[in-house]
Amino acid sequence: MTVRLYDTATRSVVDLPPAPAQVGMYVCGPTVYQRAHIGNAVPFVIFAWLRNWLRERGYDVTYVHNITDINDKIYEVAPGASAERARAATGWYLEDTASFRLEMPDEQPLATETIPEIVALIEELVASCHAYASGGDVYFRVSSFETYGALSGQRPDQVEEQEPSALKEDPRDFALWKATKEGEDTFWESPWGLGRPGWHIECSAMAEKTLGPEFLIHGGGLDLVFPHHENERAQSLAVGRPFAKIWMHNGLLRFVGEKMSKSVGNVATIQEVIAEWGREAALLFLMTGHWHKPLEFSHEAMTAASVQVESLRNALRGETRSKGDWNAFATVLDDDFNTPAALAILHRWAREGALVELQRGLAIFGLGELGDIVEAPAEVAALAQARVEARAARDFAEADRLRDEITRTGWEVRDVPDGFELVPGS
RNA sequence: GGCGACGUGGCCGAGUGGUUAGGCAGAGGCCUGCAAAGCCUCGUACACCAGUUCGAAUCUGGUCGUCGCCUCCA
């Protein structure tokens, strides 16, 4: 079965080349200036899963997830200390994403470590007349690139007018390099003077540095289609790079009907979500929606996800009673990575006791540890044994007292046909 | 104004031109000393209006609504 994925550029589901094949996957990470919210985790998680799945299907995948550590936002939030803030926030992001305990991306380039490549790419754009220097800035000449707008469907003539800039030939032109301004405390040398790169060129350069001029998948949030990805595409194609074959954009997480956004202030950070619900519930929650569609984040949805996690965990404590149809699972994931349909199959396997396949399927999503057995301490086991004896003697008052005592130790006792089972309390 | 996504049962959320999504919540039952865990049963939904069709929630057109983007928000 061919793996198929939805491509924003052609607005259709496209076939991947048959495995085995090289798959380069470049996924835009956040601009780091404060703790990342749970919405920021969506692309990280979705594409980490996709990497796992493509490897399972025999592809040789390289997952690159960049970190934007040069941006206006950082100057705004930490005036005079932008470098320190960027470094700290990069650390937070790495820590937060690591807390999902998914295998980390193969490479996580930083804009600040890609300056020579960025400058070289801008020079190439200038030399080929696709860009021009103006007052210490360098701008991309949108009119020089014929298929501008092909990715997003935006018509350049309809793009909302921004503040006019005397430095630009055309209001649609965008900055590749910006001369350093008063109050900006990080800047680099360049042929155009001291300054810093624009956002879009950072990604063009980081993608090429890590994956080469041509790669299969470029991913990111749906809000990046325009202008960010449109501009990346323009910059790289203008100088002859084939660039990405497939553009994947994940749907945005919504919070009571609204996009989760720092400016609206309706955010829950990755840290907070994991602290409150646990990584398993957070991951399972993200499985409940199709990657391409918006997903509603709510207390209720997280509760439902936690309950599901517990029931899968309980199923894995049982015994293997049947064999699951792995092919059915593969079919739904191959078909545009349909995680909600895959989750439905995992639930069926849990109910039917197809534990081998259940475990294998959960592992793709970083949930393999649900099957880990945790042994209760000997003193708790002794209480449970005492309770078995009390029950045998029909001393139910004592049995119930022992059960309460076990509960107080943080364990839960369950009666099973041949005795008892102790599981960590929830 | 332009571009795009989406509207499914109490809630979340797949899918599909005619055949069970799944989960959560709820009701009843089984199991249990009582619970917990587990199991069984119960819901016939697809914004609205036209059209195409033997048949549409699924295709076409329109309407309404929600949301995203429009130069630096994943």
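Residues numbered from 1 in each chain as written. Chains lettered and ligands numbered in written order. Predicted model: local features only at pLDDT ≥ 70, side-chain atom pairs only at ≥ 80, totals over all residues. Heavy atoms only, no water.

1. Considering the sheet that holds strand S10 (residues 243–250)
Our working definition: Strands are labelled as partners when DSSP assigns at least two bridges between them. A run of DSSP states H or I qualifies as a helix once it reaches four residues; a run of E qualifies as a strand once it reaches two. Both are numbered from the N-terminal end. For helices, the fitted axis covers only the stretch in contact; all axes are lines through C-alpha atoms, and the angles between them, taken along N-to-C directions, range from 0 to 180 degrees. Any two residues whose heavy atoms approach within 4.5 Å at even a single point are treated as in contact.
Taken together, four strands build an open sheet; the order of strands is S4-S3-S9-S10 and the sheet is parallel. Both edges of this open sheet fall to strand S4 (60–65) and S10, since each of them pairs with a single strand only. The mean inter-strand angle of the sheet, taken between neighbouring strand axes irrespective of direction, is 20 degrees. The pairing of strand S3 (residues 22–27) with strand S9 (residues 214–221) spans three bridges and is classified as parallel. Bridge pairing links Met-25 to Ile-217 in S9. With respect to the sheet, helix H1 (residues 38–56) is in contact with S3, S4, S9 and S10, its orientation differing from that of S4 by roughly 170 degrees.

2. Concerning the pattern of salt bridges
Opposite charge on two side chains allows them to pair when their charged atoms are near. Put simply, the rule reads: Here, a salt bridge means any side-chain nitrogen of Lys or Arg that lies within 4 Å of a carboxyl oxygen of Asp or Glu. Exposure categories follow from relative accessible area, calculated using a 1.4 Å probe and restricted to protein chains: below 20% of the type maximum is buried, above 50% is exposed, and the middle band is partly exposed.
Using the criterion set out here, one finds 29 salt bridges in the structure. The salt bridge involving Glu-369 is made with Arg-101; its shortest N-O contact spans 2.5 Å. Linking Glu-369 in the loop between helix H12 (355–364) and helix H13 (378–392) with Arg-101 in the loop between helix H3 (82–98) and helix H4 (115–127), this pair joins segments that are 268 residues apart in sequence. With relative accessibility at 35%, the residue Glu-369 sits in the partly exposed group. Taking the shortest distance from any N to any O, the salt bridge between Lys-209 and Glu-117 comes out at 3.5 Å. With a gap of 92 residues between them, Lys-209 in helix H5 (residues 199–211) and Glu-117 in helix H4 connect regions that are remote in the sequence. Note on Lys-209: relative accessible area 44%, which makes it partly exposed. One connected set of salt bridges, linked through shared partners, spans Asp-72, Lys-178, Glu-184 and Arg-196.

3. Comments concerning unusual backbone geometry
Omega for the peptide link from Ala-19 to Pro-20 comes to 0 degrees, which places this bond in the cis form. Checked against the element boundaries, Pro-20 lands in the loop between strand S2 (12–15) and S3. The step from Phe-226 to Pro-227 runs through a cis peptide bond, and the omega angle for that step is 0 degrees. With a phi close to 60 degrees, Phe-243 is a non-glycine residue in the positive phi region. Positionally, Phe-243 belongs in strand S10.

4. A word on the protein's contact with RNA strand B
Our working rule: For each residue, the test is whether any non-hydrogen atom lies within 4 Å of the molecule or strand; if one does, the residue is near. Polar contacts, as used here, are pairs of N or O atoms within 3.5 Å; protein pairs need one atom able to donate a hydrogen and one able to accept it. Residues neighboring in sequence count only if both atoms are side-chain atoms.
The environment of RNA strand B is made up of 65 residues, and the closest members are Lys-178, Gly-221, Leu-224, Gln-308 and Glu-412. Sugar plus phosphate: this is where 61% of the atoms of RNA strand B within 4 Å of the protein reside. Arg-254 places a polar side-chain atom, nitrogen or oxygen, 3.2 Å from a sugar or linking oxygen of RNA strand B. Measuring from a sugar or linking oxygen of RNA strand B, one finds a side-chain N or O atom of Glu-300 at 3.4 Å. When residues in the surface near RNA strand B are grouped by element, the largest group, six residues, is from helix H9 (residues 299–316).

5. Examining the domain arrangement of chain A
Definition in use: For the purposes of this description, domain bounds are those given by an automatic or database domain assignment. Values labelled buried area give the accessible surface lost by two parts on being combined, using a 1.4 Å probe and summing over both.
For chain A, the assigned domains are domain 1 (4–255), domain 2 (298–370) and domain 3 (378–424). Computed from C-alpha atoms alone, the centre-to-centre distance between domain 1 and domain 2 is 34 Å. Across the boundary between the two partners, domain 1 contributes 13 residues, which contact 15 residues of domain 2. Interface area for domain 1 against domain 2, summed over the two sides, is near 1,300 Å², with a carbon-plus-sulfur share of 53%. At the boundary of domain 1 and domain 2, one finds four salt bridges. Among the salt bridges present, the one from Arg-57 reaches Asp-334, with a minimum N-O distance of 2.6 Å. Taken together, the links from domain 1 to domain 2 amount to 10 residue pairs in polar contact (both at pLDDT 80 or more).

6. A few points about the environment of Gly-278
In this structure, Gly-278 sits in the loop between helix H7 (270–277) and helix H8 (279–287). The spacing of Gly-278 and Ser-99 is 179 residues in sequence and 9.6 Å in space, taken between C-alpha atoms.

7. Observations concerning the environment of Ser-306
Note that Ser-306 resides in helix H9. Distance in space between the C-alpha atoms of Ser-306 and Leu-283 is 9.9 Å, their sequence separation being 23 residues.

8. Remarks on the side chain of Asp-336
What counts, and what does not: Asp and Glu are treated as the negative residues and Lys and Arg as the positive ones, with His and the ends of the chain left uncounted.
Inspection of the secondary structure puts Asp-336 in the loop between helix H10 (326–334) and helix H11 (339–352). Although Asp-336 lies buried, it forms no salt bridge, and the closest oppositely charged side chain, Arg-4, sits 8.0 Å away as judged by the N-O distance. For Asp-336, the residues in contact, after removing those within four places along its chain, are Arg-4, Leu-5, Tyr-6, Val-13, His-290 and Trp-291.

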